[in-house]
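# Structural overview
Read off the chains here:
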Amino acid sequence: EPEVTQTPSHQVTQMGQEVILRCVPISNHLYFYWYRQILGQKVEFLVSFYNNEISEKSEIFDDQFSVERPDGSNFTLKIRSTKLEDSAMYFCASSEGQFPGLTGELFFGEGSRLTVL
Amino acid sequence: AQKVTQAQTEISVVEKEDVTLDCVYETRDTTYYLFWYKQPPSGELVFLIRRNSFDEQNEISGRYSWNFQKSTSSFNFTITASQVVDSAVYFCALSELLYNNNDMRFGAGTRLTVKP
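Okay, so let's go over this structure. Remember, it's a predicted structure, so these values are computed and weren't measured experimentally. (Residues numbered from 1 in each chain as written. Chains lettered and ligands numbered in written order. Predicted model: local features only at pLDDT ≥ 70, side-chain atom pairs only at ≥ 80, totals over all residues. Heavy atoms only, no water.)

This brings us to the state of the cysteines. Residue and element names in this part refer to chain B. Counted according to the given criterion, the structure contains two disulfides over all chains. Residue pairing for Cys23: its cysteine sulfur links by disulfide to Cys92, the two sulfurs lying 1.9 Å apart. Taking the sign of the S-S torsion, about -65 degrees here, the bridge from Cys23 to Cys92 comes out left-handed. One end of the pair, Cys23, is in the loop between strand E3 (19–21) and strand E4 (24–26); the other, Cys92, is in strand E10 (residues 88–96), and 69 residues separate them in sequence. For the pair formed by Cys23 and Cys92, the shared burial category is buried. (Disulfide = S-S within 2.5 Å. Helix = DSSP H or I, 4+ residues; strand = E, 2+ residues; numbered from the N terminus. Buried < 20%, exposed > 50% of the residue type's maximum accessible area, 1.4 Å probe, protein only.)

Here is the structure:
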């Protein structure tokens, strides 16, 4: 069964460093998303992406964050200068059509755990 | 604004007990979608169910059942004859069609522990 894959599964970085989290969405999906879950807390929406541009973003997604689809398969989340509070699990998701619309669900990857020291 | 409340932070039951996880939502949209996800200790998010606001039929899938009541803005989840493998954090989520339609809002989650 097709799935969303994310790399790395865990990354440890020093505060102030740049981090890139990578995702390979399901191949025929057109909409892509990043969500974040700080340890023990709720899952929060960061950004959605369609047709090579951001569709929607939350207040969490400030200038330190950016997303990109550098080629036909990868979808990346970049954090320019990491802060301690960026430590979280980052989930990538994709959907075939515009969510929630006619599509049944978002397909989530297994997450990338980011630890900022 | 859309909002999901899962008042039960943690529930602990003994295997074979039935357990109901509560979910109450707020929305200004007339068309919206409700979801339940399971997050086992391994951390991934596992989709369980999607329900749209026009379909109030309750659903049963094996030991899982869902009770959607628009009158009380609730979408509760019941596990019958719980098993140790059901131990996980369960999230209820809401997405509106017209407002913030890319944004699925999650509740804070309920941590279910099923003891043998």
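Residues Trp36(B), Trp66(B), Phe77(B), Tyr90(B) and Leu112(B) are the most contacted members of the largest nonpolar core, which totals 24 residues. Breaking this core down by element, the ones donating at least two residues are strand E2 (10–14), E3, strand E5 (32–39), strand E6 (46–52), strand E8 (64–69), strand E9 (74–79), E10 and strand E12 (110–115) of chain B. Per-element accounting of this core gives the leading share, four residues, to E10(B). Not counting the four nearest positions on each side in its chain, Phe77(B) is found in contact with Val19(B), Thr20(B), Leu21(B), Trp36(B), Leu48(B), Tyr64(B), Ser65(B), Trp66(B) and Tyr90(B). Core analysis: the next-biggest nonpolar cluster, separate from the first, contains 22 residues, Ile26(A), Phe49(A), Leu114(A) and Val116(A) among them. (Core = buried A, V, L, I, M, F, W, Y, C linked by side-chain atoms within 4.5 Å. Contact = heavy atoms within 4.5 Å.)

Along the polypeptide, Thr76(A) turns up in strand E8 (residues 75–79). Those residues within four positions of Thr76(A) in sequence are excluded, and the remaining contacts are Ile20(A), Leu21(A), Arg22(A), Trp34(A), Ser66(A), Val67(A), Glu68(A) and Pro70(A).

Residues and elements named next belong to chain B. Per the counting criterion, the structure on display carries four salt bridges over all chains. Ionic pairing is found between Glu59 and Arg51, a salt bridge with its closest N-O pair at 2.8 Å. Judged by relative accessible area, which is 6%, Arg51 ranks as buried. Counted as one network, the salt bridges with shared partners bring together Arg51, Asp55 and Glu59. (Salt bridge = Lys/Arg side-chain N within 4 Å of Asp/Glu carboxyl O.)

Nothing here speaks to function; it is all geometry.
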